[in-house]
Amino acid sequence: MFHFSNIVRTKGDPKIVEGGPSLKQPADQLARALGWFSIGLGVVELFAPRRVTHTLGMEGHETLVRAFGVREILAGIMSLSVDKNAGLWARVGGDGLDAAALLSGLTSDNPKKGNVALALLMVGGIAVLDYRAAQDTKPRRPPRDARRKLYPNRSGFPKGIESARTAARQIAAHANTNHVNTNEVKQGDERRVP
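For clarity, every value in this text was computed on a predicted model and none was experimentally measured.

Notes on the packing of helix α1 (residues 26-47) against helix α5 (residues 113-136)
α5 packs onto α1 with a crossing angle of 135° between their chain directions and a minimal axis gap of 9 Å. Considered as vectors, α1 and α5 are oriented oblique to each other. Crossing angle aside, the handedness with which α1 passes α5 is left-handed. Residues Ala27, Leu30, Leu34 and Phe37 of α1 form the contact with α5, whose participating residues are Ile126, Leu129, Asp130, Ala133 and Asp136. Of the residues belonging to the contact of α1 with α5, the class tally is 7 nonpolar, no polar and 2 charged.

Concerning α5
Counted at 1.5 Å a residue, the expected span for α5 with its 24 residues is 34 Å, and the 34 Å between its end C-alpha atoms agrees. Of the surrounding elements, those touching the buried residues of α5 are α1, α2 (49-56) and α4 (84-103).

Structural notes on the packing of aromatic side chains
This model, assessed by the stated rule, comprises 1 aromatic pair. Ring geometry for Trp89 and Tyr131: centres 5.6 Å apart, planes at 80°, overall edge-to-face. Taken together, the residues Trp89 in helix α4 and Tyr131 in helix α5 connect sequence positions 42 residues apart. Overall, Trp89 belongs to the partly exposed group, its relative accessible area being 34%. Here the guanidinium or amino end of Arg71 rests over the ring plane of Phe68, the centre of that ring lying 4.7 Å away.

Considerations on the environment of Met58
Inspection of the secondary structure puts Met58 in the loop between α2 and α3 (62-80). Every residue in contact with Met58, bar those within four places of it in the chain, is listed here: Thr53, Ala101, Ser104, Gly105, Asn110 and Val116.

Here we look at the environment of Ala31
Among the secondary structure elements, Ala31 is positioned in helix α1. Linking Ala31 and Gly76, residues 45 residues apart in sequence, is a C-alpha distance of 9.1 Å. Once residues lying within four places of it in the same chain are set aside, the contact partners of Ala31 are Ser79, Lys84, Leu88 and Thr137.

A look at the pattern of salt bridges
Applying the stated criterion across every chain, the model contains 7 salt bridges. We note a salt bridge from Asp136 to Arg132, for which the minimum N-O separation is 3.0 Å. Of this pair, Asp136 and Arg132 both sit in helix α5, 4 residues apart, roughly one helical turn. The exposure class assigned to Arg132 is exposed, which follows from its relative accessible area of 52%. A salt bridge links Glu162 to Arg165, with the shortest nitrogen-to-oxygen separation between them at 3.0 Å. On the criterion of helical spacing, the pair formed by Glu162 and Arg165 is a turn pair, its members being 3 residues apart in helix α6 (residues 161-192). Exposure remark for Glu162: the relative accessible area of 45% places this residue in the partly exposed category.

Here is what the cut-offs are and how they apply
Residues numbered from 1 in each chain as written. Predicted model: local features only at pLDDT ≥ 70, side-chain atom pairs only at ≥ 80, totals over all residues. Heavy atoms only, no water. Axes fitted to C-alpha atoms, helices over the stretch in contact; angles between N-to-C directions. Helix = DSSP H or I, 4+ residues; strand = E, 2+ residues; numbered from the N terminus. Parallel < 35°, antiparallel > 145°, perpendicular 65-115°, else oblique. Left-handed = near helix turned anticlockwise from the far one by under 90°. Contact = heavy atoms within 4.5 Å. Nonpolar A, V, L, I, M, F, W, Y, C, P; charged D, E, K, R; others polar. Expected span 1.5 Å × (residues − 1). Phe/Tyr/Trp six-rings, centres within 6.5 Å; stacked < 30°, edge-to-face > 60°. Buried < 20%, exposed > 50% of the residue type's maximum accessible area, 1.4 Å probe, protein only. Lys NZ or Arg CZ within 6 Å of the ring centre and 35° of its normal. Salt bridge = Lys/Arg side-chain N within 4 Å of Asp/Glu carboxyl O.

So, to be careful, I would describe these as geometric facts and stop short of saying anything about function.
Shown next as structure tokens:
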């Protein structure tokens, strides 16, 4: 089986032969997919805004489409980051902006209002997925009335605080004896010099 990570490994590193099951939860996988989708859509909006506006019959709004593309790319990057929840909520808000912009294209004089209606339907479906992913990846906090775990008798030292103090005393005593021995040698050297 081929793994991309084997390409960058040095000669002595072990090769990856088989991968195990993914540790990602379904919500994390959905967030990742939405993040990549957002980046792809943002790139299209950023670099081909005329094609997008022509397809929707909304010519003259290229700058708005480019701005939406930048927003999509940033929300996608945030959705792929550690704090994916913020990126997903940014996507939910962006879906609202997309819907508002598309609604302005549903006019009777737009010959491509069918495309606008289809785009609105797609934005609605994606908005449902974005909202679901944002809800599923929100940070889990205990309820306000939950008992907090307190550890007043824990010191953070594996063998206890007294063991750490004893070790510190031994190190200090050893350092003092080495310092005294060094001083004696130096003083002895000074006595021999005429």
